[in-house]
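# A look at the structure
Okay, here's what each chain looks like letter by letter:
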Amino acid sequence: LVVNGRTAYFGTGGERSRVFSSRDGGRSWSATESTIPAGEAAGVFGFALGRRHGVAVGGDFNAPADGTDASAVLRGHRWKNGGDLTHLAEDAAFLPGGHLVATGESGDVAGTSWSSDGGRSWRHLSETGFHTLDCTGGSCWAAGGQGRVAVVTVRR
């Protein structure tokens, strides 16, 4: 779930991979099909929401190394395919300048990727991944399995 003012988004998986959105503080919701594939253990897992851009990330826990179509970008009011990842992604966050980071871990498969074009393409940064991530200013905080925590400061 991400919230920006009165706008909120959350995603689903399973039989249908969808994004639910509210523009009125949660009084009403609409659902849109996501471009992230659905499946028994697949769907939308996380979001990054900027001032003008939105990115959804996900994948399939049954095939975590398959990052094909594992991201979607919000254009207007529709979700379109984003760039492919080399791993599933459980969370994403915007950095200053519109850059994005996405991360995820599933068993032996984990990774963190970077996008400098709003999620249209991704560059694999690390085999280390996390379950959750948040960035503020130039610092990102992440938490993963077995109590792992990381802080990364991005130099401008």
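For the structure, check the block above.
So, a few notes on the structure that sits alongside this text. Computed from a predicted model, the values in this text were never measured in an experiment. (Residues numbered from 1 in each chain as written. Predicted model: local features only at pLDDT ≥ 70, side-chain atom pairs only at ≥ 80, totals over all residues. Heavy atoms only, no water.)

Another aspect to go through is a positive patch on the surface. A contiguous patch of positive charge, built from Arg-75, Arg-78, Lys-80 and Arg-120, is present on the exposed surface. Mapped onto the elements of the fold, Arg-75 is located in strand 8 (residues 71-75). (Patch = residues over 30% accessible without salt bridge, like charges linked within 9 Å, V, L, I, M, F, W, Y side chains within 5 Å. Areas by Shrake-Rupley, 256 points an atom, 1.4 Å probe, with all protein chains shown as cover. Salt bridge = Lys/Arg side-chain N within 4 Å of Asp/Glu carboxyl O. Lys, Arg positive; Asp, Glu negative; His and termini not counted. Charge placed at Lys NZ, Arg CZ, Asp CG, Glu CD. Helix = DSSP H or I, 4+ residues; strand = E, 2+ residues; numbered from the N terminus.)

Our next topic: the packing of aromatic side chains. Under the definition given, this model contains six aromatic pairs. Geometrically, the ring pair formed by Phe-10 and Phe-20 is stacked, given 4.8 Å between the ring centres and 0° between the ring planes. Residue Phe-10 is found in strand 2 (residues 7-11), and its partner Phe-20 is found in strand 4 (residues 18-22); the two are separated by ten residues along the sequence. You can call Phe-10 partly exposed: its relative accessible area is 29%. Here Phe-20 falls in the buried class, since its relative accessible area comes to 17%. These aromatic residues form a ring-pair network of at least three members: Tyr-9, Phe-47 and Trp-79. One residue, Arg-148, lies across the ring of Phe-130, its end atom 4.6 Å from the ring centre. (Phe/Tyr/Trp six-rings, centres within 6.5 Å; stacked < 30°, edge-to-face > 60°. Buried < 20%, exposed > 50% of the residue type's maximum accessible area, 1.4 Å probe, protein only. Lys NZ or Arg CZ within 6 Å of the ring centre and 35° of its normal.)

What follows covers the sheet that holds strand 5 (residues 30-33). One open sheet accounts for four strands, arranged 1-2-4-5; its pairing is antiparallel. Strand pairing shows two members of the sheet lacking a second neighbour, strand 1 (2-4) and strand 5, which therefore form its edges. Each strand of the sheet is rotated relative to its neighbour by a mean of 20°, with strand direction disregarded. Taken together, the three bridges between strand 1 and strand 2 define a ladder with antiparallel strand orientation. Across the sheet, the residue bridging to Asn-4 is Thr-7, located in strand 2. (Pairing = 2+ DSSP bridges. Axes fitted to C-alpha atoms, helices over the stretch in contact; angles between N-to-C directions.)

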